[in-house]
Amino acid sequence: MSVGNQVTKKQLLAEGVTHIYFQANAWIFSILAILLGSVWGIGKAAVYKHIPDYFPDQVGVVGGMVGVLGGLGGFVCPIIFGYLLTETGLWSSCWLLMLGLSVVCLGWMHSVVQKMSDEASPSLKENFEVVQN
């Protein structure tokens, strides 16, 4: 390729690999990892707390399903993390995936609990929506 040549569509002009390098402080990383683990632990406890409240006749079945899904996530997630790193080249892509997954799960759990609460006591829902002066 020289100056003045015509460039065609999808023509490879340059080839190379870009590396983004960011060295995090070990203390900051450790604190964030412990904080994240604590928050996930609280979330897991909240899920197990809701099982007997909302599924009193199927505690064993639902608890088992939650445990199986957690174990499956522990097996599948590292594989997905590897693919994400390969495809994006960003080490933080796994953290972004977990952030998105956590937000989706939080929203899903909130909507399910809200729906079950509304079905259990529809009059309570109407009382909260009335504006009191």
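All of these numbers come straight from a predicted model, not from anything done at the bench.

> Give me the confidence of the model for the chain: which residues, what numbers.
Within the chain, residue pLDDT values average 81, and 88% of them lie at 70 or more. Taking the mean pLDDT of every element in the chain, the minimum, 66, falls on helix H4 (residues 122–129) and the maximum, 87, on helix H2 (residues 59–88).

> Explain the pattern of salt bridges to me, using residue names and the numbers behind them.
Should their charged atoms come close, side chains of opposite charge can pair. Inspection of the entire model under this criterion finds one salt bridge. Notably, a salt bridge pairs Asp53 with Lys49, separated by 2.7 Å at the nearest N-O pair. Residue Asp53 and its partner Lys49 are located together in helix H1 (residues 26–54), separated by four residues, close to a single helical turn. Lys49 sits in the partly exposed class, given a relative accessible area of 48%.

> How would you summarise the packing of aromatic side chains if you had to cite specific residues and measurements?
Under the criterion given, the structure shown has one aromatic pair. Centroid distance Phe29 to Trp95: 6.1 Å. Interplanar angle 85°. Geometry classified as edge-to-face. Placement of Phe29 in helix H1 and of Trp95 in helix H3 (residues 93–120) is noted, with a sequence separation of 66 residues between them.

> Please provide a residue-by-residue account of the side chain of Ser93, values included.
Topologically, Ser93 is positioned in helix H3. According to the relative accessible area criterion, Ser93 is buried, its value standing at 8%. Not counting residues within four places of it along the chain, the set of residues in contact with Ser93 comprises Leu84, Leu85 and Thr88.

Definitions and limits used
- Residues numbered from 1 in each chain as written.
- Predicted model: local features only at pLDDT ≥ 70, side-chain atom pairs only at ≥ 80, totals over all residues.
- Heavy atoms only, no water.
- pLDDT = per-residue confidence, 0-100.
- Helix = DSSP H or I, 4+ residues; strand = E, 2+ residues; numbered from the N terminus.
- Salt bridge = Lys/Arg side-chain N within 4 Å of Asp/Glu carboxyl O.
- Buried < 20%, exposed > 50% of the residue type's maximum accessible area, 1.4 Å probe, protein only.
- Phe/Tyr/Trp six-rings, centres within 6.5 Å; stacked < 30°, edge-to-face > 60°.
- Contact = heavy atoms within 4.5 Å.

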